[in-house]
Amino acid sequence: MVLGRRSTRTPSLSREEGVREAYAAHGAELYRYTLRGLGDTGAAEDAVQEIFLRAWRARERYDSSTASLRVWLFAIARNVVSDQHRARSARPWARNLVDTATLEVLGETSDSMDELMRGWVVEEALRRLGEEHRRALVETYLADRPYAEVAEELGIPVSTLRSRVFYGLKALRVVLEEMEVTW
Amino acid sequence: MSESSSRHELRLALGAYVLGQLDEVEAAEVSRHVESCSQCRAELAELTPVALL
């Protein structure tokens, strides 16, 4: 996950680092709020991501003279939680789908937002992989651990771990295509 | 892997290869193989953008 460090400056979405700072300042309390509203940690995490994506997309409309950033984010949070409730009751199977508008945003972002978005997309894609593939990719690539060490921990030969990384990447490609990620 | 690495092993090593997880010797071996194997070239083209994300 690509989160920034807490900043002492007041977060503002107009700056390049703004979303990251806003996340550092308000991410935790927004998560508690969405968790209360949705009662499920996975759904609450998705909701927090959605809040920041919506905030970022609507950043031109944010006026700091009428509301603090926190108040504005909570207003968005209420909408996201109620949308998720509606989506769940209407389309239970669609609970985990990523908003395609969200992914279209990928093409028009600043570098830091790009990085943040990419982190979210990859995280979501990894969640959709099978456990063996996910674990192989997370341990060797994201955690950057040696194959021998990871293979021993999993009780499998290194060749099997290699095979899981290979097929895991292939599966990740399919998942990313399903999420309409383009490259 | 070694000189006796099978095509199958070399293909499975492509994941570690695109992620930059092979040592120099193995990476060179995979790289040589890919030049002469169209199937692996196609695999590599498919995996590379995923690894860059």
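Regarding its fold elements, chain A presents 8 helices and 0 strands. Taken from N to C terminus, the helices and strands of chain A fall in the order α-α-α-α-α-α-α-α. Across the 183 residues in chain A, those meeting the buried criterion constitute 44%. Across chain A, the fraction of contacts at a sequence separation of at least 24, relative to all contacts at a separation of at least 6, is 59%. Entry remark: accessible area of chain A is about 10,000 Å², with carbon and sulfur atoms responsible for 48%.

Right, let's get into helix α1 (residues 18-38) of chain A. Where α1 of chain A bends most, the angle comes to about 55 degrees, and this point is H26 of chain A. G39 of chain A sits one or two residues past α1 of chain A and shows a positive phi near 70 degrees.

Moving on: unusual backbone geometry. All names here are of chain A. Non-glycine residue D144 carries a positive phi angle of around 55 degrees. Topologically, D144 is positioned in the loop between α6 (131-142) and α7 (147-154). D144 gets classed as exposed once you look at its relative accessible area, which sits at 64%.

The next subject is the pattern of salt bridges. Residues and elements named next belong to chain A. A full pass over the atoms with the stated rule returns 17 salt bridges over all chains. Residue R54 is joined to D83 by a salt bridge in which the shortest nitrogen-to-oxygen separation is 2.9 Å. Pair noted here: R54 is in helix α2 (residues 41-57) and D83 is in helix α3 (residues 69-90), with a separation of 29 residues, a long-range link. For D83, a relative accessible area of 27% corresponds to the partly exposed category.

What follows concerns the confidence of the model for chain A. All names here are of chain A. Across chain A, the average pLDDT comes to 77, with 73% of residues at 70 or higher. Low pLDDT, under 50, characterises residues 1-10; the predicted model gives this stretch 20 contacts beyond four residues in sequence or across chains. Note on residues 102-110: pLDDT under 50 across the span, and 19 contacts to partners over four residues away in sequence or across chains.

Further remarks concern the packing of α7 of chain A against helix α8 (residues 158-178) of chain A. Residue and element names in this part refer to chain A. The geometry of α7 relative to α8 is characterised by a closest axis approach of 9 Å and an angle of 100 degrees between their N-to-C directions. As the angle between them shows, α7 and α8 are arranged roughly perpendicular. Contacts from Y147, A148, V150, A151 and L154 of α7 reach α8 at V158, L161, R162, R164 and V165. Broken down by class, the residue content of the contact of α7 with α8 amounts to 8 nonpolar, no polar and 2 charged.

All names here are of chain A. Taken N-terminus to C-terminus, the directions of α6 and α8 make an angle of 105 degrees; their axes are 8 Å apart at the nearest point. On the basis of the axis angle, α6 is roughly perpendicular to α8. Contacts between α6 and α8 involve E132, H133, A136, L137 and T140 on the former and, on the latter, L161, R164, V165, Y167, G168, L169, A171 and L172. Grouping the amino acids of the contact of α6 with α8 by side-chain chemistry returns 8 nonpolar, 3 polar and 2 charged.

With 20 residues of chain B at the interface, the matching set in chain A holds 17 residues. The contact between chain B and chain A buries some 1,700 Å² in all, and 69% of this surface belongs to carbon and sulfur atoms. Of all residues in chain B, L12, V50 and L53 of chain B give up the largest surface area on contact with chain A, accounting jointly for 36% of the area buried on that side. Counting across the chain B and chain A interface gives 3 salt bridges. For R162 of chain A, the salt bridge goes to E26 of chain B, with nearest N and O atoms at 2.8 Å. The interface formed by chain B and chain A contains 6 residue pairs in polar contact (both at pLDDT 80 or more). For the side of chain B that touches chain A, the secondary-structure elements that each account for two or more residues are α1 (7-12), α2 (14-18) and α4 (38-52) of chain B. Looking at the side of chain B that touches chain A element by element, the count peaks at 7 residues for α4 of chain B. Along the lines of polarity and charge, the residues of the side of chain B that touches chain A split into 14 nonpolar, 2 polar and 4 charged.

Calculation notes
Numbers given to residues run from 1 along each chain, matching the order in which its sequence is written. Labels are handed out in written order, letters beginning with A for the chains and numbers beginning with 1 for the ligands. Totals for whole chains, interfaces and linings use all residues, but because this is a predicted model, local features are given only for residues with pLDDT of at least 70 and pairs of side-chain atoms are given and counted only at 80 or more. Side-chain figures throughout are based on the complete set of non-hydrogen atoms in the structure, without hydrogens or water. What counts as a helix is a DSSP run of H or I of at least four residues, what counts as a strand is a run of E of at least two, and both are numbered from the N terminus. Residue exposure (1.4 Å probe, protein chains only): buried if accessible area is under 20% of the type maximum, exposed if over 50%, otherwise partly exposed. The contact definition used throughout considers only heavy atoms, calling two residues in contact when any of these lie within 4.5 Å. Using a 1.4 Å probe, the Shrake-Rupley method yields the accessible areas, and only the shown protein chains count as cover for residues. The term bend refers to the angle at a residue between two fitted axes, each drawn through seven residues, those ending there and those starting there. Whenever Lys or Arg places a side-chain nitrogen within 4 Å of a carboxyl oxygen from Asp or Glu, that contact is recorded as a salt bridge. Confidence of the predictor in every single residue is expressed as pLDDT, which spans 0 to 100. Axis lines are fitted through C-alpha atoms, for helices just across the contact stretch, and the angle between N-to-C directions can take any value from 0 to 180 degrees. When describing relative orientation, an angle under 35 degrees is termed roughly parallel and one over 145 degrees roughly antiparallel, while 65 to 115 degrees is termed roughly perpendicular and anything else oblique. All residues other than Ala, Val, Leu, Ile, Met, Phe, Trp, Tyr, Cys, Pro, Asp, Glu, Lys and Arg, Gly among them, are scored as polar; the first ten of these are nonpolar and the last four charged. Summed over both partners, the accessible area lost on bringing two parts together, with a 1.4 Å probe, is the buried area. As used in this structure description, the phrase polar contact means that two N or O atoms lie within 3.5 Å; if the pair is within protein, one of them must be able to donate a hydrogen and the other to accept it, and residues adjacent in sequence are counted only when both atoms belong to side chains.

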